[in-house]
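# Structural overview for review
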Amino acid sequence: MEDILANVPLFRNTDNAFLRLLSLKAVAYIFTPGDIIVYSGDMGREMYCIRRGQCEVLSGDLQERYTVISCGQYFGEMGLLFGHYRMATVRALTHCEVLMLTREDLDEALSNFPMLEKQFTTVEKNKPFLKELQTEMALRHRTKDSKPSVRSYVDLVKSGVTIEEKSSKKKSTAVFEKIKSDGSRNSDYLDPFTKLHPVAKFFSSFLMRRTYSPSGTFVKVWETIRVAVAILQAFTITLHAAFLHTSNVMWVINIAADIFSIIALYMSFHTGYYNNVGILVRHPLSTAKNYLHSNFIVDLLATLPIELIMFAVLPFSTPNFLYVVALLRLNRVLNIYRLPLAFSQLENSVEKQTGVVREIKFAFFALIFLNWLTCALFVMACPPDLSILTSGFVSSGANHNCLNDTWILKAMPDITSRSIADLYVVSMYWATATSVSVGYGEISASTTTEMMIALLFMIVGVLFFGYIIASVAASLANADAQRSRYQEKLMSIKKYMQDQQLEPTLQDRIISYYEYVWLRNKGVDTESLFDGLPLSLWGDVTLSLYQDIISKVSLFKGTETGFMKMLSRCIRPLLFLKGEYVVRKHDVGSEMFFIHRGDVDVCSEDGSIVFDTMKAGRFFGEVALLFSCPRTASIRARTNCDLFVLTKADLDDVLRYYPAIKQQVMDIAEERRMQARKRSAAKVGPPSKPATPEPPKVEEKKSEKEIETVEETRDEPEEEIAEKDEQKETEDEEKRNDKEEETDDGDKDEEPTTSSFATVEEIPMIVMSPAEDENNSAIPANVNNNADADDDATEIMMTPEASCGQQTLERFSTCFGSLMKTTIHPNGRFIQIFTKFLCVMAIISGWMVTFEAAYQDHHPALIVVNYLIDLFFVFEVIVKFRVGFIDQYGDVVDDLEMVSNNYLRQPGGFTFDMITTLPTEICALAAPLQYKMAIFSYLRLVRLLRLVRVSQFFGKWEKELNINVLVVRLYKFGIELVLIMHVFSCIWYVIACPMGICESGSWAANSGYTNSAAMPSMTLYCDCVYWCVATMTSTGYGDIHAYNIREMVVASIVMVSGKLLFGFILGSIASTLSNAASQRVAYEEMLVAIKDKMADQNVPNKLKDRVVNYYDYLWMRNKGVDTKELMTDCPLTMLSEVSCSMTSDMMKSISLTEGAEDAMLRVLAVKITQNLFVPDDYIVRKGDVGSDMYYIHRGKVEVIGLVSKVDDKSRKKIILGEGDLIGEVNLVSSIAASVSYRAVTHVDVFVMSKKDLDDVLRFFPNMESQVQDRADELISNFQQYPLGPKYKEYNTPENLRNPRRHNVGKTSKVPKLVVPGVSF
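Residues numbered from 1 in each chain as written. Predicted model: local features only at pLDDT ≥ 70, side-chain atom pairs only at ≥ 80, totals over all residues. Heavy atoms only, no water.

## Let's talk about unusual backbone geometry
- Even without being glycine, Leu-62 reaches a positive phi, approximately 65 degrees.
- Take Leu-62: it is sitting in the loop between strand 4 (55–58) and strand 5 (65–69). (Helix = DSSP H or I, 4+ residues; strand = E, 2+ residues; numbered from the N terminus.)

Put into structure tokens, the structure is as follows:
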């Protein structure tokens, strides 16, 4: 990277240290073919250097190519130096790696090299040089036509260029001709062949003049077919060699696969590749050389016909000639190397569901592994029967001769009558039992060779399944890491709020917000979502998202695409829950908000009056965005909202690149600001008499006009809302005071002030009654509007003519009608209990229907319980028609019609429930009497589908954050394990005793169960469960084992399933524990590093112990979490509410901020920090000059270094406690501390700094003079009583002796800020 920058003329001959520093700051980006790196006309202060690949420089309309640049070349130096517009578009021609250097990084590096900085500054101020460069670039890049430039991806789509790019990228074939179209010799293609050795030239003559792109569709399809053929050969080659060497079908399949492999080998010589600089190489000779140095040897060995040797060594008439030939063909299984490569490529792709891919991979690996072991064990017992060994063989009756005294003869004494399928199943049974470590013992090794091979297979089996289990555990840990980290953060927030004793309602709101954030974005930081993308791609994405909302703002109308693209990169998404405040009136704001989804209310400061409701597509806060002024109204979320926010800092950063646009925006904003002030001044006057409402028709018509007026004047929302807010509050106050003086309804309203803007009377009052929004307690209903309705209801209830029975009937009708229109909250207490109850019922139902069907136990109690459970599920269907649902945005949908339609249409909804609930078993009534109950029990097996509900229940439960994940998963795994073992136990009994009749030769018959009908069902069930548990846990006592082929197949499945199931469970538990301990492990590693550092620096032992004790205390208090960064991602209004709740007592103790308005206290509270001190730690030392004030929130502090007028014996220690201040004078003047303050116990202090107070007071000038007066008084008191009037006996001459003071006198303007402090 340093070498590339050294070749840039700007940095040529500069110091090597400067180049190294620049190389550390340069950022590398990867571009694919067709990606735009920079757009013509965009403003940028970045320069790019190509490290790998090729790029093309194009005209603005992408129709003309100026040049092609490659590795080592650069572009964008004019933007880096002068901040000039891009003169051309640069697009990636191949896969490219490009280094980007920004002007900020360059300036930071130049700050360390003053001479270089001066040179760059001189060049930057050379305007004639810039004009010369602009003229030269304009002439070089002058286009032939005047087509509009492509400035963004939206323009690309409109122009249709992207379609051409896609079609060009899909072109996967390159054809080379010896003669060019102009008749000349194609030297680029022919010259490389002339330099070859004659032998190499001979072989190169077989190459085609066609190559294929590795990313083309043809190569992708071809490689997919190759992988499929490799998987097929992994099974067919081994089966052919071990069992089916006489099968004509198998010979045809394998020979066809060989032919395909040879063709694939030839095609690999013509597959292009990307070299080390990212350039696609497609010359046939180069692709052939690349293949020879990569996979050619393996592919050659996998296709080499070794079996041809047999034709020269043995005659065709030799016994088992085909058997030997088939065994010699085993080299074809080497093609399986493509399978892990294919799965590795799929797993590396972020677009795929890697969990599913990994499960499929392990399934293939397990099947191939067991198949190979099966074939190997059989070949070991039944090798090829050559003429010299015929005396020791026994014919199997399936074209195989097996050796005497081998395992297979002991396992199958009647081998002469067994088929190939029987031989394969028995071999697979022993291979499975050996590899998964079950080892019943009924089949075992008989010879020394078999023992050695069985021993090897045991070890290989343990390693193989151990690899699968370890991979599952690792994947589960990685998949759950994000959730675990977010849950740890949520637990830290809960512990912190409990420690600070916040109100329970506020705690619930904070937790609800973070749970909602997890529901919406799974804890991903949306502000940094696109970090790491190249600027051009980032700009395309954000412009497509935010262009519409930016263009609606009149301040930004008509601005160029480059400005909008840069501005869109600064916009950040923000989520708000229903009822939460977005901004509060009088709070200092510097952000502008765009409503993307949901509704917000413009309301009064206390939230009791709603002036307007804004929906998606509208915006507010543009005045605060430009002037950082206090908010003129409160904005509250009416529903769950998605907002986009733009901050003043980001806008200022963008505007400095566009000075003309900056001037335009400021002129428009200032003009409107002055207009708003004039309107406000014109409307100031004596309060008017309360207006009398007009007739309904006139009012109704007026309201529509009002809404239109509000919509039309949306460009100045804050000033208008301020006027409406103040006037509406004044009007309401007058109405309350003059309510008794109102005489009739005929009074006329005063004439409204003529204005193009909405006046107070024009504001439509939006009232939310409890019926409209039960959960929005922050928006009370308008009592006056509902008064008449309430009076009417009272009159109806108190009418003398209405009898008691009529009143009861009316009440019942009203309640019943309301009940029929009511929906149930999906997360309510009732649904939670009801769902858990149904989950238990589904488990019981699944257990009973399988038990009844397998053991044919039709006890009346089982039938009655089953039908009672069915009634519960019928009731569930009725209830679900009224259970609301949560949409994709986390909003609860409670509309009855939408709820019913959702239940009817969703997968797994009404149709699924009806299938599992309908009594299909009534069809058994038509069956013969002796089979009626059996068919009845079999038809009821459809109830097993209810177990899907159990899986859904635990899946939803695991997604909750406020749970112990380990406990929930233990519940889930326990239930799953019981159900799976139960099903396997039932299957084990059914294969031995179908319809309750035990077959001879089965495990049941060999266990003495000749008449199962005479034995209790539970006895049989316990035996089956005993076998199942012994098999799945790899215990394998062997007292119950498989005897026939069917039982061996089932036993093999149970063995592998048990191994994988327990491995999955152990992996899940291990991953859960690992993630739960990740925070502690990281903290311990940090502490070890600190200890090592202190030991390396020879820090005194006492000091080391104090440091370690401090970190131990931090872990005990908050698990090592930095509380300053704990809730920074919380909305500012919510964060200020938390801060105010924590520091309310401190604010009351600070004399400087006494009488401050709530808005100032909220801003100040956010800036307060919290520090922790362990016993004997000094908070302030005598002589220290500080600018911080400390408020003791918890613990005790001792004052050290006092000199008293009384003797030492009568003097008492001064111990400060909760609520005391230390150093309040530091907020107004920097004075050296006259005493020291040391923690006696563990101490929590709130810290407020002078800088933060000054920053806040800038926005509240009305408090400045008050703080200044109190500051002078505070300094005067400190000079007289350094320790405060409370401790006059300690204010000795020694303590009063010229305390060191800095900046004493007139203090700077102290901003309105709330911070914990301490004073004496």
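## Comments concerning the pattern of salt bridges
- Within the structure shown, the criterion is met by 54 salt bridges.
- The partner of Arg-946 in a salt bridge is Asp-870, and the shortest N-O contact between them spans 2.8 Å. Separated by 76 residues along the polypeptide, Arg-946 in the loop between helix 37 (929–939) and helix 38 (947–959) and Asp-870 in helix 34 (residues 860–880) bring together distant segments of the chain. When sorted by exposure, Arg-946 lands in the same class as Asp-870, which is buried.
- One network of salt bridges, in which partners are shared, links Asp-870, Glu-921, Arg-940, Arg-943 and Arg-946. (Salt bridge = Lys/Arg side-chain N within 4 Å of Asp/Glu carboxyl O. Buried < 20%, exposed > 50% of the residue type's maximum accessible area, 1.4 Å probe, protein only.)

## What to know about helix 25 (residues 561–568)
- Among the eight residues in helix 25, seven count as buried, and that is most of the element.
- Three or more residues of helix 25 are buried, namely Gly-562, Phe-563, Met-564, Lys-565, Met-566, Leu-567 and Ser-568.

## A look at the packing of helix 22 (residues 481–499) against helix 44 (residues 1101–1118)
- Close contact between helix 22 and helix 44 brings their axes to 9 Å; oriented N to C, the two are set at 95 degrees. When the interaxial angle is binned, helix 22 and helix 44 end up roughly perpendicular. Residues Ser-492, Lys-495 and Asp-499 of helix 22 form the contact with helix 44, whose participating residues are Met-1116, Arg-1117 and Asn-1118.
- Across the contact of helix 22 with helix 44, the residue classes tally to one nonpolar, two polar and three charged. (Axes fitted to C-alpha atoms, helices over the stretch in contact; angles between N-to-C directions. Parallel < 35°, antiparallel > 145°, perpendicular 65-115°, else oblique. Contact = heavy atoms within 4.5 Å. Nonpolar A, V, L, I, M, F, W, Y, C, P; charged D, E, K, R; others polar.)

## With respect to the state of the cysteines
- On inspection of all chains with the given rule, the structure shows two disulfides.
- Paired by a disulfide, Cys-382 and Cys-402 hold their sulfur atoms 1.8 Å apart. Between Cys-382 and Cys-402 the sulfur-sulfur dihedral comes to about 85 degrees; the bridge is accordingly right-handed. With Cys-382 in the loop between helix 18 (354–381) and strand 13 (393–395) and Cys-402 in strand 14 (residues 401–403), this pair connects stretches of sequence that are 20 residues apart. (Disulfide = S-S within 2.5 Å.)

## Brief notes about the sheet that holds strand 26 (residues 1178–1180)
- Read across the sheet, four strands follow the order 26-32-28-29 without closing on themselves; strand pairing throughout is antiparallel. In this open sheet, the two strands that pair with only one neighbour each are strand 26 and strand 29 (1215–1216).
- Both strand 28 (residues 1197–1200) and strand 29 contribute to a ladder of two bridges, which runs antiparallel. Directly across from Val-1197, in strand 29, lies its bridge partner Leu-1216. (Pairing = 2+ DSSP bridges.)

## Some details on the sheet that holds strand 17 (residues 591–597)
- Ordered by their spatial adjacency, four strands build an open sheet running 15-22-17-20, and the pairing between neighbours is antiparallel. If you trace the sheet from one side to the other, it starts and ends with strand 15 (572–576) and strand 20 (619–620), each paired once.
- When strand 17 meets strand 22 (residues 641–647), the two strands line up antiparallel, connected through six bridges. Residue pairing for strand 22: Met-592 is matched across the bridge by Leu-646.
- Running at roughly 130 degrees to strand 15, helix 23 (residues 504–521) makes contact with strand 15, strand 17 and strand 22 of the sheet.

## With respect to a nonpolar patch on the surface
- Residues Ile-297, Val-298, Leu-300, Leu-301, Leu-304, Ile-306, Ile-309, Val-313 and Leu-334 make up a contiguous nonpolar surface patch of about 720 Å² in total accessible area.
- Taken together, the elements giving at least two residues each to the nonpolar patch come down to helix 14 (296–303) and helix 15 (308–313).
- Sort the elements by how many residues they give to the nonpolar patch and helix 14 lands first, with four residues.
- Mapped onto the elements of the fold, Ile-306 is located in the loop between helix 14 and helix 15.
- Residue class for Ile-306 comes out partly exposed when judged on its relative accessible area of 31%. (Patch = residues over 30% accessible without salt bridge, like charges linked within 9 Å, V, L, I, M, F, W, Y side chains within 5 Å. Areas by Shrake-Rupley, 256 points an atom, 1.4 Å probe, with all protein chains shown as cover.)

## Concerning helix 21 (residues 448–479)
- With 32 residues, helix 21 extends 46 Å from end C-alpha to end C-alpha; this agrees with the ideal 46 Å at 1.5 Å per step.
- Those residues of helix 21 lying buried are Glu-450, Ala-454, Phe-457, Gly-461, Phe-464, Phe-465, Ile-468, Ser-471, Val-472, Ala-473, Ser-475 and Ala-477.
- Buried residues along helix 21 sit in contact with helix 18, helix 19 (407–411), helix 20 (420–435), helix 22 and helix 42 (1045–1076). (Expected span 1.5 Å × (residues − 1).)

## Observations regarding the pairing of strand 7 (residues 89–92)
- Alternating positions in strand 7 separate into two faces, Thr-89 and Arg-91 on one and Val-90 and Ala-92 on the other, with burial throughout.
- Note that strand 2 (residues 36–38) and strand 7 share two bridges and pair antiparallel. Pairing of Ile-36 across the sheet is with Arg-91, part of strand 7.
- One ladder, built from four bridges, connects strand 4 with strand 7; its direction is antiparallel. Bridge pairing links Glu-56 to Arg-91 in strand 7.

## Quick look at the environment of Ile-997
- Counting through the fold element by element, Ile-997 comes out in the loop between helix 39 (965–992) and helix 40 (1003–1006).
- The spacing of Ile-997 and Tyr-855 is 142 residues in sequence and 9.9 Å in space, taken between C-alpha atoms.

## Brief notes about the confidence of the model for the protein chain
- Mean pLDDT over the protein chain: 79, with 80% of residues reaching 70 or higher.
- Across residues 162–170, confidence stays below pLDDT 50; counting only partners more than four residues off in sequence or on other chains, it has six contacts.
- Within the model, pLDDT remains below 50 along residues 1296–1320, and this stretch shows 132 contacts once partners closer than five positions in the same chain are excluded. (pLDDT = per-residue confidence, 0-100.)

## Quick notes on the nonpolar core
- Trp-407, Ile-408, Tyr-855 and Trp-988 are the most contacted members of the largest nonpolar core, which totals 100 residues.
- The greatest single-element share of this core, amounting to 13 residues, is contributed by helix 18.
- Beyond its immediate stretch of four places on either side in the chain, Tyr-855 contacts Ser-985, Cys-986, Tyr-989, Ser-1017, Leu-1020, Tyr-1021 and Cys-1024.
- Formed by 56 residues, the second largest nonpolar core is a distinct cluster that contains Ile-493, Leu-961, Met-1134 and Val-1267. (Core = buried A, V, L, I, M, F, W, Y, C linked by side-chain atoms within 4.5 Å.)

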